[in-house]
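The residues making up each chain are set out below.
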There are 2 protein chains.
Amino acid sequence: MVKTSFKFNSKYGVCLVSSVILNLFFVLNTYVGGNWNLNLSWTSRAAAEAEAVAALFCSGHGRAYLDGLVDDGNGEPVCECNSCYSGSDCSHFTPDCIANANDGDPLFLEPFWSQHAANSAVVAAGWHRLSYSYPDDTNISKELERLIRKLHAVVGNAVTENRYIIFGAGSSQVLTAAVYALSPENSSLPAGVVASVPYYALYRKQVEHFNSQKFKFEGDAHQWMNKSDSSKYMIEYVTTPNNPDGRLNKPLLQGPNVNTIYDRAYYWPHFTPIPAPADEDLMVFTLSKLTGHAGSRFGWAVVKDETVFNRMTDHMGLNSMGVSRDTQLRAFKLLTTALKGDGRGLFHFGYHTMKTRWERLSSIISLSKRFSLQKINPQYCTFYNKVREFSPAYAWVKCEREEDTDCYKVLQEAKITGRAGNAFSAEDRYVRLSLIRSQDDFDLLIEHLNKLVSDEDGVKIM
Amino acid sequence: MVKTSFKFNSKYGVCLVSSVILNLFFVLNTYVGGNWNLNLSWTSRAAAEAEAVAALFCSGHGRAYLDGLVDDGNGEPVCECNSCYSGSDCSHFTPDCIANANDGDPLFLEPFWSQHAANSAVVAAGWHRLSYSYPDDTNISKELERLIRKLHAVVGNAVTENRYIIFGAGSSQVLTAAVYALSPENSSLPAGVVASVPYYALYRKQVEHFNSQKFKFEGDAHQWMNKSDSSKYMIEYVTTPNNPDGRLNKPLLQGPNVNTIYDRAYYWPHFTPIPAPADEDLMVFTLSKLTGHAGSRFGWAVVKDETVFNRMTDHMGLNSMGVSRDTQLRAFKLLTTALKGDGRGLFHFGYHTMKTRWERLSSIISLSKRFSLQKINPQYCTFYNKVREFSPAYAWVKCEREEDTDCYKVLQEAKITGRAGNAFSAEDRYVRLSLIRSQDDFDLLIEHLNKLVSDEDGVKIM
């Protein structure tokens, strides 16, 4: 055996050290977030595109999207700015901008998804689910249905055992399907559809638009409470928590010819205590107010009666052949993320955000004699195992001064756009202010409200 | 300066060579398909998940999906098998299986997307488009609308200049929106809705289900051709190419009180010559029959009249608040891929597949005296700049023998499931056979047809 002695040569030593450092660099880059990138092939391009668009700097006041508006020059996505912001990086704030507190766009949840970027992204392959049907010949993803049942069990906000679950393109579509399904099959008279004031205008608008021979909107449920004609078929919408005032409403009508649609869109810890799991014959939920993905158009109903379920299924089939498989894939990924770990992270985020917002708003309005807010007593919550305050999605503001009959106008003059009471078939002394939009929107609302209230005689905002 | 001499030591030499080889490996792995993986971070997990599921071996007779059925033991996705195949890897063919030629599931296009995997994948971030609206406060992606206009220009199959474009959850939803929009606003009598036999059953089923006071299904348009009451509002569906028989139908009714909905779902080079760009007041298209993504539920209409467009927009808003943003993102990516290069690749694929299938089918049926196919004369095609044969999506088979009044049953006994003529309000001497399902389905259909025809006296199948 020949022994060779080593004398270190700087040139080859440098090569070796450089090579090892390069390898360390690749190893660190390749092992990212618990995953090895080593084997990525056909997804790389899509992944790189998504990351490039996400990396566009929009000052925290906007976003760029893969399918978003593009620069006419280079065809590259540009920032889409939040209300009151503009400029190529959304850094320019419009002075004297009006606070948008009109619609229920649930943007308050977006930061949760930014924080859970790696877990909540999903890749849709070009060949993902071309077919009209899932393997069981339905339009309903069994795995997504399973997740929804688990979700309700984790939150404890609805009974799903021995119930059917049907999907719709938003609770909007589910609500119409429910009305069709609950209408009498063999009656010459249309069912009367009612809701108790104040109620969400969509109910009336949908029923009037579809203009069916089988149902007719008959207005305020209060007016039908003591009617003696119990042979008339009635369908009552009960929104609980209510939109606009956040109350845990109960049905006003009962009887053998009364069917009730429970709109449970807001029945999540973000907005309300959960005294008990909802246990009604037809309960409607939406992804919009749970995860914030209003744009996805995904809702569902938990249905007790098989005939009602089948009739709703027929409606979804004829209306749109069910819900998009792309939407169902997305909902599957979002709910999987939400239910990771103890499954409570999304609810903690939602509740703490809404609680803080409600407290900020309440503390200002409490100083005012001109405006008042809805008051709802705290209740025991089985999700948090304690008595807790409500943290509603909307402030149902009342203008208390006699001359302030048009409360929308009063607020508009103070640079706040709310939604007038008449939109809920209520008096115009009321205005609904949305508390669930982005932080930018909420901060501007608070700023204008502060000024408005501080301008009242005798009010001192600390 | 100290000169050092080098004597190569095998141990360190091996280290250097190994390290350099590892460097080369990382470099090759990192530069994939024209993209550098170096900077992938939050998308890596989703990308790896998607690739893992896609890599599941299903023998070419099935697929696994991210949101697909899972193994109850380990919770991992399993293969979902094509008709007539089963087993954990879909390799087991069911002997004597019945060929599925019933529905119009456009699976024939799936291989195109497998071939374009890298271009057609899209990553939906957790924060992708939570909002109810696009920046212009509509439910319609302007960039997707732009792509659709470009698509029609490339194919030359529809005029879109000075027209509005509206989206729906499948052409199913667009068709209903059209009927609502074309119904008379101020008339005590409902509009009569008709279609010419044979026609697609959905038209009648939708109108009957919605049961509106504004429109009523009145059956076969042929019956209304010479009616003298021209004051009655009529809405005619004209499907062109027609479902089930592939003909380029023309409207039967005309007059000041007649409105026409042109269902142009099949007006693509896959199925028909394109003699000229369609130029009607209301033309309906669907992604299902263009790219094959029936499960995505995406359709659109090209609309001339602003009032009609606005009424359709109202319908979409009240029905489902527009089409899912997830679906619009997906459609955006798929159409971007389809229009890459000269934008003709998808159509070549579709046309050549359907041409081959139609020729195989025709060559068998041409030997038969028992069965006949629809005959449509070739026409000049502006897309291919030549006279070409039709390559319809469906065979409209007629049972010619006097005793074969139930053609569905004749074929069912030969292990072929078609769709009976009565489903199209036609005689049961006719059966529609779907030619657009997967290659597995089509091959089995051909096999059974071969046998059926070869069993006829005097027939010899080469």
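Rules used throughout
Residues numbered from 1 in each chain as written. Chains lettered and ligands numbered in written order. Predicted model: local features only at pLDDT ≥ 70, side-chain atom pairs only at ≥ 80, totals over all residues. Heavy atoms only, no water. Helix = DSSP H or I, 4+ residues; strand = E, 2+ residues; numbered from the N terminus. Buried < 20%, exposed > 50% of the residue type's maximum accessible area, 1.4 Å probe, protein only. Lys, Arg positive; Asp, Glu negative; His and termini not counted. Charge placed at Lys NZ, Arg CZ, Asp CG, Glu CD. Least-squares fit on C-alpha atoms with pLDDT ≥ 70 in both. Contact = heavy atoms within 4.5 Å. pLDDT = per-residue confidence, 0-100. Axes fitted to C-alpha atoms, helices over the stretch in contact; angles between N-to-C directions. Parallel < 35°, antiparallel > 145°, perpendicular 65-115°, else oblique. Left-handed = near helix turned anticlockwise from the far one by under 90°. Disulfide = S-S within 2.5 Å. Buried area = accessible area lost by both parts, 1.4 Å probe. Salt bridge = Lys/Arg side-chain N within 4 Å of Asp/Glu carboxyl O. Nonpolar A, V, L, I, M, F, W, Y, C, P; charged D, E, K, R; others polar. Domains from an automatic or database assignment. Arc of directions from axis to C-beta. Pairing = 2+ DSSP bridges. Phe/Tyr/Trp six-rings, centres within 6.5 Å; stacked < 30°, edge-to-face > 60°. Lys NZ or Arg CZ within 6 Å of the ring centre and 35° of its normal.

Q: Could you give me a rundown of the overall build of chain A, with the residues and numbers involved?
A: Secondary structure assignment for chain A yields 12 helices and 22 strands. If you line up chain A on its principal axes, its C-alpha atoms span 110 × 65 × 50 Å. Counting only residues that meet the buried cut, chain A has 58% of its 462 residues in that class. Measuring between centres, the 47 positive side-chain charges of chain A sit 6 Å from its 50 negative side-chain charges.

Q: Just give me the short version of the relation of the copies chain B and chain A, but keep the residues and values in it.
A: Superposing chain B onto chain A takes a rotation of 180° plus a shift of 0.0 Å along the axis, which leaves an RMSD of 0.3 Å. Interpreted geometrically, this transformation is the action of a two-fold axis. Here 100% of the contact residues of chain B are again contact residues in chain A; the copies associate through an equivalent surface.

Q: Explain the confidence of the model for chain A to me, and be specific about the residues and the numbers.
A: When the pLDDT values of chain A are averaged, the result is 93; 94% of them are 70 or greater. Note on residues 1–6 of chain A: pLDDT under 50 across the span, and 5 contacts to partners over four residues away in sequence or across chains.

Q: Could you give an account of the packing of helix 6 (residues 170–182) of chain B against helix 7 (residues 202–210) of chain B, naming the residues involved and the relevant values?
A: Residues and elements named next belong to chain B. Put simply, helix 6 and helix 7 touch, their axes get as near as 11 Å, and they point 60° apart. Our classification of the angle between helix 6 and helix 7 gives oblique. Of the two elements, helix 6 crosses helix 7, and the hand of that crossing is right-handed. From helix 6, Ser172, Leu175, Thr176 and Tyr180 reach across to helix 7, where they touch Leu202, Tyr203, Gln206 and Phe210.

Q: Summarise unusual backbone geometry; cite the residues concerned and give the values.
A: The omega torsion of the bond from Val197 of chain A to Pro198 of chain A falls at -5°, within 30 degrees of zero and hence cis. Along the chain, Pro198 of chain A falls in the loop between strand 10 (191–195) and helix 7 (202–210). A cis geometry characterises the amide bond from Thr240 of chain B onward to Pro241 of chain B, with omega recorded as 5°. With respect to the element layout, Pro241 of chain B can be found in the loop between strand 12 (234–239) and strand 13 (258–263). Of note, the phi angle at Ser425 of chain A is positive, near 60°, even though the residue is not glycine. Within the fold, Ser425 of chain A resides in the loop between strand 21 (419–420) and strand 22 (430–434). For Ser425 of chain A, a relative accessible area of 32% gives the class partly exposed. Here the phi dihedral of Asn211 of chain B falls at roughly 50°; this positive angle occurs in a residue that is not glycine. Looking at the secondary structure, you find Asn211 of chain B in the loop between helix 7 and strand 11 (215–220). Taking the relative accessible area as the measure of exposure, Asn211 of chain B reaches 24% and is therefore partly exposed.

Q: Tell me about the state of the cysteines, residues and numbers included.
A: Residue and element names in this part refer to chain B. As enumerated under the stated definition, the model contains 8 disulfides over all chains in all. Covalently, Cys84 is tied to Cys97 through a disulfide, its sulfur atoms 2.0 Å apart. Around the S-S axis, the bridge from Cys84 to Cys97 shows a dihedral of about -80° and counts as left-handed. Linking Cys84 in the loop between strand 4 (80–81) and strand 5 (85–86) with Cys97 in the loop between strand 6 (92–93) and strand 7 (99–100), this pair joins segments that are 13 residues apart in sequence.

Q: Help me get a handle on the interface of chain B and chain A, residues and values and all.
A: Facing the 115 residues of chain B at the interface are 116 residues of chain A. With both chains or domains summed, chain B and chain A bury close to 10600 Å², and 56% of this area falls on carbon and sulfur atoms. Considering only the surface of chain B that becomes buried against chain A, Asp67, Trp127 and Leu130 of chain B emerge as the three largest contributors, covering 8% of it. Where chain B packs against chain A, one counts 8 salt bridges. Across the salt bridge formed by Lys333 of chain B and Glu49 of chain A, the nearest N and O atoms sit 2.9 Å from each other. Along the lines of polarity and charge, the residues of the side of chain B that touches chain A split into 50 nonpolar, 44 polar and 21 charged.

Q: Let's hear about the domain arrangement of chain A: which residues, and what values?
A: By domain assignment, chain A separates into domain 1 (4–97) and domain 2 (142–338). Put simply, the middle of domain 1 of chain A and the middle of domain 2 of chain A, counted by C-alpha atoms, are 43 Å apart.

Q: Can you break down the pattern of salt bridges residue by residue, with the values?
A: In the structure shown here, the tally under the stated rule is 44 salt bridges over all chains. In this structure, Asp67 of chain A and Arg129 of chain B form a salt bridge, with 3.0 Å as the shortest nitrogen-oxygen distance. Of this pair, Asp67 of chain A sits in the loop between strand 3 (62–63) and strand 4 (80–81) while Arg129 of chain B sits in the loop between strand 8 (122–124) and helix 5 (142–155), which puts the two residues in different chains. For the pair Asp67 of chain A and Arg129 of chain B, one class covers both residues: buried.

Q: Let's hear about the environment of Tyr394 of chain B: which residues, and what values?
A: Residue and element names in this part refer to chain B. Relative to the elements of secondary structure, Tyr394 occurs in strand 19 (residues 394–399). The class for Tyr394 is buried, based on a relative accessible area of 3%. Setting aside anything within four residues of it in sequence, one finds Tyr394 in contact with Gly104, Asn243, Pro244, Tyr266, Lys289, Trp358, Gln374, Arg432, Leu433, Ser434, Leu435 and Ile436.

Q: Residue-level account of helix 7 of chain A, with values.
A: All names here are of chain A. All buried positions along helix 7 are accounted for by Leu202, Tyr203, Gln206, Val207 and Phe210. Projected onto a plane normal to the axis of helix 7, the buried residues spread over an arc of 125° and lie on a single side. Asn211, located one to two residues past helix 7, shows a positive phi value of around 50°.

Q: If you had to explain the packing of helix 10 (residues 345–365) of chain B against helix 12 (residues 439–454) of chain B to someone new, which residues and values would you point to?
A: Residues and elements named next belong to chain B. Contact geometry for helix 10 and helix 12: axes closest at 10 Å, N-to-C directions at 10°. Our classification of the angle between helix 10 and helix 12 gives roughly parallel. Contacts between helix 10 and helix 12 involve Arg357, Arg360, Leu361, Ile364 and Ile365 from the first element and Gln439, Phe442, Asp443, Ile446, Leu449, Asn450 and Val453 from the second. Grouping the constituent residues of the contact of helix 10 with helix 12 by class yields 7 nonpolar, 2 polar and 3 charged.

Q: Explain the sheet that holds strand 19 (residues 394–399) of chain A to me, and be specific about the residues and the numbers.
A: All names here are of chain A. Strand order in the open sheet formed by 4 strands is 16-19-22-21, with antiparallel pairing between adjacent strands. The open sheet terminates on both sides in strands that have one partner only, identified here as strand 16 (371–372) and strand 21. In this sheet, strand 22 lies alongside strand 21 in antiparallel orientation, the contact comprising 2 bridges. Each bridged residue has a counterpart across the sheet, and for Ala420 the counterpart in strand 22 is Val431.

Q: Run through the packing of aromatic side chains, naming residues and quoting values.
A: Taken as a whole and assessed by the stated rule, the structure comprises 49 aromatic pairs over all chains. Seen from their ring centres, Phe210 of chain A and Tyr180 of chain B are 5.7 Å apart, and the 90° between their planes marks the pair as edge-to-face. With Phe210 of chain A in helix 7 and Tyr180 of chain B in helix 6, this pair bridges two chains. Each of the two residues, Phe210 of chain A as well as Tyr180 of chain B, counts as buried. Between Tyr351 of chain A and Tyr384 of chain A, the ring centres sit 4.8 Å apart and the planes meet at 35°, which makes this aromatic pair tilted. In this pair, Tyr351 of chain A sits in helix 10 (residues 345–365) while Tyr384 of chain A sits in the loop between strand 17 (379–381) and strand 18 (386–388), placing the two residues 33 residues apart along the sequence. Each of the two residues, Tyr351 of chain A as well as Tyr384 of chain A, counts as buried. Directly above the ring of Phe383 of chain B sits Arg344 of chain B, whose terminal nitrogen or CZ lies 3.9 Å from the centroid.

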